[in-house]
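# Descriptive structure summary
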Amino acid sequence: MTGASARGPRAGPGDRSMTAEISEYDTARIEAKWQAAWDQADLFRATRSAAPKYYVLEMFPYPSGRIHIGHVRNYTMGDVIARYKMSSGFNVLHPMGWDAFGMPAENAAMASGGHPKDWTYQNIDVMRGQMKPLGLSIDWSREFATCDPEYYGQQQALFLDMLDAGLVYRKNATVNWDPVDMTVLANEQVENGRGWRSGAEVERRELTQWFFKISDMAEDLLDGLTSLKDWPEKVRLMQENWIGKSRGLQMIFPMTTPVHGQDGIEVYTTRPDTLRGASFIAIAPEHPLAKALAEDNADLAAFAADVRKGGTTEEALEKAEKRGFDTGLTVDNPLGGTLPVWIANFVLMDYGTGAIFGCPAHDQRDLDFARKYDLPVIDTFVAVQDGHPVTTEAFTPPKTEAVRWLDHPTGLDITTGQAAIAATIDWAEAKGLGTGKTQYRLRDWGLSRQRYWGCPIPVVHCDACGVVPEKKENLPVVLPDDVTFDVPGNPLDRHLSWRDTPCPNCGKPARRETDTMDTFVDSSWYYARFTAPRAKTPTDLDDAAYWMNVDQYIGGVEHAILHLLYSRFFARAMGKTGHLPQGTEEPFKALFTQGMVTHAIFQTRDDKGRPVYHLPEDVDLDSKTVRATGETIEIIPSAKMSKSKRNVVDPQDIISSYGADTARWFVLSDSPPERDVEWTASGAEATFKHLRRVHRLATDIARADRAANAADTDLARATARAIHEVTEGIEGFAFNKSVAKLYEFTNTLHKSDAGAQARRDAMKILAQLMAPMTPHLAEEIWSMMGGEGFVLNTPWPKADPGLLVEDAILLPIQINGKKKSELSVSKDMPNAEVEALVLGDTIVQRALNGGQPKKLIIVPGRIVNVVI
RNA sequence: GCGGGCGUGAUGGAAUGGUAGACAUACCAGACUUAAAAUCUGUUGGGCGUAUGCCCGUGUGGGUUCGACUCCCACCGCCCGCACCA
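Residues numbered from 1 in each chain as written. Chains lettered and ligands numbered in written order. Predicted model: local features only at pLDDT ≥ 70, side-chain atom pairs only at ≥ 80, totals over all residues. Heavy atoms only, no water.

As a further point, take helix H5 (residues 103-112). Buried residues of H5: Met103, Ala105, Glu106, Asn107, Ala108 and Ala109, and no others. The first or second residue beyond H5 is Gly113, which carries a positive phi of 70°. (Buried < 20%, exposed > 50% of the residue type's maximum accessible area, 1.4 Å probe, protein only. Helix = DSSP H or I, 4+ residues; strand = E, 2+ residues; numbered from the N terminus.)

This is the structure:
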């Protein structure tokens, strides 16, 4: 009997309606049915009990308006983990919320009227409505948006406690200022030195702003990275570089003639070993000395103002030429002689001391500067072999490479930069010239935004008392609703009845702070809030102690630095202010960064050669033409989805044509989760067909009636292997491999000649294994097979170890490392017997041609290699 | 410039020192059909050969090893992150 003939009766035209009723894979009906059943059973509510917990979290979305297929991939991955852990006996916390403050809401209000609040909450409703049909195992009872006063009020409480603990302060800082929109712009909002909305030339302006003291924790944040074993190496490295620890020397060059009360310039350098090569001092245009000099030097003031224009973007800085202004002042060089003091556009005020010594021979920037302004170039070391003086390229070998030192103050001859630096710091400290100092590139986190749609900073400015924290009982400081966006600038500044308020300290008239918080603040502690989203304090320590930390965090790699670093800072800050228990300093135990969903772009060109984009449904892929016009299309594969390129796939369309399970299965299949996955119409279609095949197979198996037979054991073995391999794939975040194994197992089951009961048992296991990926279909099959309760509540299957080991194995035989033959042997056959069988193999004998092998390597149970 | 990653059939990918190409897509062929679709079955890395078979093949060149997609060195190409950080 063949597998094919054993399948149930095929539906002929006559009995079509009957068959349709029983066996049709009706996704709309099946998915709605099971989602309702889960809701009814309140299956996803996270509850505390004696059982172990598992907290799985996907980065919450910004409510931009519609969900994207990329969101589907992100949440499906989390859902696979969540459902797998639920079936494995864990209390699972799998919440969802909205990162709801931010500029797009205000921009929408400016562009088309309306209110940011309405825009945001409407978007949330739409997106929640799009997410629910996906059948995610989310505890919706914990949902919140960061723009809920209930949430941001607690954030204000947190802010006040951090202020109290000295973790927040105010200082002047240079920012990108858009003079038309009258607001501070983030670096990424500056394009070619112009504001991205207004097109106005951006200025660098100094404003008093609020800062979190993240730099205080630089060392701890760096240290903590080593414990994050389940984070991608890449992300840890990016954070390490961002923190940017360096060791150097801080020293003062005395002014030859003190001016404006300054008798020295303090300099920081990581290359004190090149001190002898110093040929000038360069200070930042914002350096106090430069500012003092500018007061009575119009040319200098003009230079500083000119340099300040053009923003602080990377591109602007990269293109900027090295420019300097000679102050005419000099400092004394401790090694003898004097050095001229210049103001230079490439020296940053907020790193180190805002002043450097220039060593043109061993720094390309300094060399460019020296050549331009005709300053000396002094070699301090040369290559050990054929060393030659620096001409047009600075000599900057790795610090680990040994070089020959010329007339070094510490008397060094041949040694590495590393060793020379250490020696010079010791030497300088002994001579009292300076002190060794550790610097971090990480700067304090400026959180002030001159914006309406953000969390108000809960302080009041009083003429008498200064900056006064709002009283906790007055929280939340709620955003006023009656604002307009028809005038540039921050509406809070213009809203007098909101802005003017009595001082919480003395009661006299005072003004509220009108800056709001950076939206990164909102997302820096939401994971903690999810453990007790309705608590009257930022967190509930008992709940936090049970649920924290996040066991698996999943999101885009674009948040590798800022969001994840800020969250790590906040977890520490919340610990210090008593809002999180011990052991939560690293809030995300494991991190997974998933790839994007991409889609081909179909384009033609207009008569001017500009690209014209076409929707996938408008092109014919066989002939590679546009259906309507017959023009030949260019296909750009694997491009990031973008509305303007017309290659966006709307999850809702997919769900309505194929169902949620198809969308979920597709985004998990083929590509490894960390890599991009290409959405193709044929792939989606094929996925649907496969699920329909599984459904039909289940229908057939439910009806079939065949006696137990010898094939039952084979099927049991295949089942055990499937359990083992699918589980391994899920545990190892290789969902594509689990999907492949499920295909394979389905094919095996389909072709199996096993008896009805054996096939039913295998089908039940298949339903269990598919459940994390395609939960609706899995529940449907589970119930068709007579399974009890929900498949989700059924303990995850365990592979019988006895069935995983094969008694007889096919042992490959290699000749000189190439597979030429194979041998069927029992798994634990002694090597001597294997050797005899190998040597008796006809192909081996032919190759040996009567001779003896040079060597015979037997790897028991794996392979044999005959070396001739 | 600095740091990191990747390179395997027509395509997405599998194999992390042991049978390269699992699984899927696409293509082709066959069955069913008046026909098409759907469904089912099968083939498909390249070359030589009637064939048992043989040779080549994981970006390129070299090395280590009985054995290399996998480890090491050099190069080429692509991608990502950071960057006047002294």
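Still more ground to cover, so stick around.
Looking now at the pattern of salt bridges. Close approach of charged atoms lets side chains of opposite charge pair. As enumerated under the stated definition, the model contains 33 salt bridges in all. Taken together, the shared-partner salt bridges in this structure form one network comprising Asp26, Arg29, Lys33 and Glu780. (Salt bridge = Lys/Arg side-chain N within 4 Å of Asp/Glu carboxyl O.)

As a structural note, the neighbourhood of RNA strand B is formed by 53 residues, with Thr270, Lys322, Arg365, Arg443 and Lys737 the closest of them. In RNA strand B, atoms within 4 Å of the protein come 64% from sugar and phosphate. Within the side chain of Lys818, a nitrogen or oxygen atom sits 3.4 Å from a phosphate oxygen of RNA strand B. One nitrogen or oxygen atom from the side chain of Lys819 is found 3.1 Å from a base oxygen belonging to RNA strand B. In terms of residue count, helix H25 (residues 735-751) provides more of the surface near RNA strand B than any other element does, 7 residues in total. For the surface near RNA strand B, the per-class residue count stands at 20 nonpolar, 12 polar and 21 charged. (Near = heavy atom within 4 Å. Polar contact = N/O pair within 3.5 Å; in protein donor to acceptor, adjacent residues only side chain to side chain. Nonpolar A, V, L, I, M, F, W, Y, C, P; charged D, E, K, R; others polar.)

Two numbers describe how helix H22 (residues 660-668) lies on helix H27 (residues 775-784): the axes approach to 7 Å, and their chain directions differ by 120°. As summarised for this structure, H22 and H27 are arranged oblique, according to the angle between their axes. Contact residues: H22 offers Ala660, Asp661 and Arg664, while H27 offers Pro775, His776 and Leu777. Of the residues belonging to the contact of H22 with H27, the class tally is 3 nonpolar, 1 polar and 2 charged. (Axes fitted to C-alpha atoms, helices over the stretch in contact; angles between N-to-C directions. Parallel < 35°, antiparallel > 145°, perpendicular 65-115°, else oblique. Contact = heavy atoms within 4.5 Å.)

The subject of this paragraph is the sheet that holds strand E33 (residues 808-815). Pairing within the open sheet is mixed, and its 4 strands lie in the order E34-E33-E36-E35. At either end of the open sheet lies a strand with only one pairing partner, and these are strand E34 (818-826) and strand E35 (855-859). Across the sheet, the axes of successive neighbouring strands diverge by a mean angle of 20°, strand direction being ignored. Two strands pair when backbone bridges link them, and E33 and E34 are joined in this way by 8 bridges, in the antiparallel orientation. Counterpart to Ile815 in the pairing with E34 is Lys818. The strands that helix H29 (residues 831-840) touches are E33, E34, E35 and strand E36 (863-867); relative to E35, the one it contacts most, it runs at about 125°. (Pairing = 2+ DSSP bridges.)

A separate point is the nonpolar core. One finds Tyr527 and Phe570 to be the most contacted residues of the largest nonpolar core, which totals 159 residues. No other element matches helix H4 (residues 69-87), which puts 9 residues into this core. Setting aside residues up to four positions removed in sequence, Phe570 forms contacts with Leu158, Met162, Phe212, Trp445, Val521, Ser524, Trp525 and Tyr527. By size, the runner-up hydrophobic cluster in this structure holds 29 residues, among which are Phe253, Ile281, Leu339 and Ile425. (Core = buried A, V, L, I, M, F, W, Y, C linked by side-chain atoms within 4.5 Å.)

This next bit is on the sheet that holds strand E2 (residues 91-93). Strands in a sheet are paired, the pairing made by backbone hydrogen bonds, and the direction either parallel or antiparallel. With respect to topology, 4 strands assemble into an open sheet ordered E2-E1-E25-E26, the strand pairing being parallel. Each end of this open sheet is capped by a strand with a single partner; those strands are E2 and strand E26 (591-594). Neighbouring strand axes in the sheet, compared pairwise and without regard to direction, differ in orientation by 20° on average. In this structure, strand E1 (residues 53-58) lies alongside E2, joined through 3 bridges in parallel fashion. From the neighbouring strand, Tyr54 faces E2, where its bridge partner is Val92. Across the sheet, H4 is in contact with E1, E2, strand E25 (552-556) and E26; its angle to E1 comes to roughly 175°.

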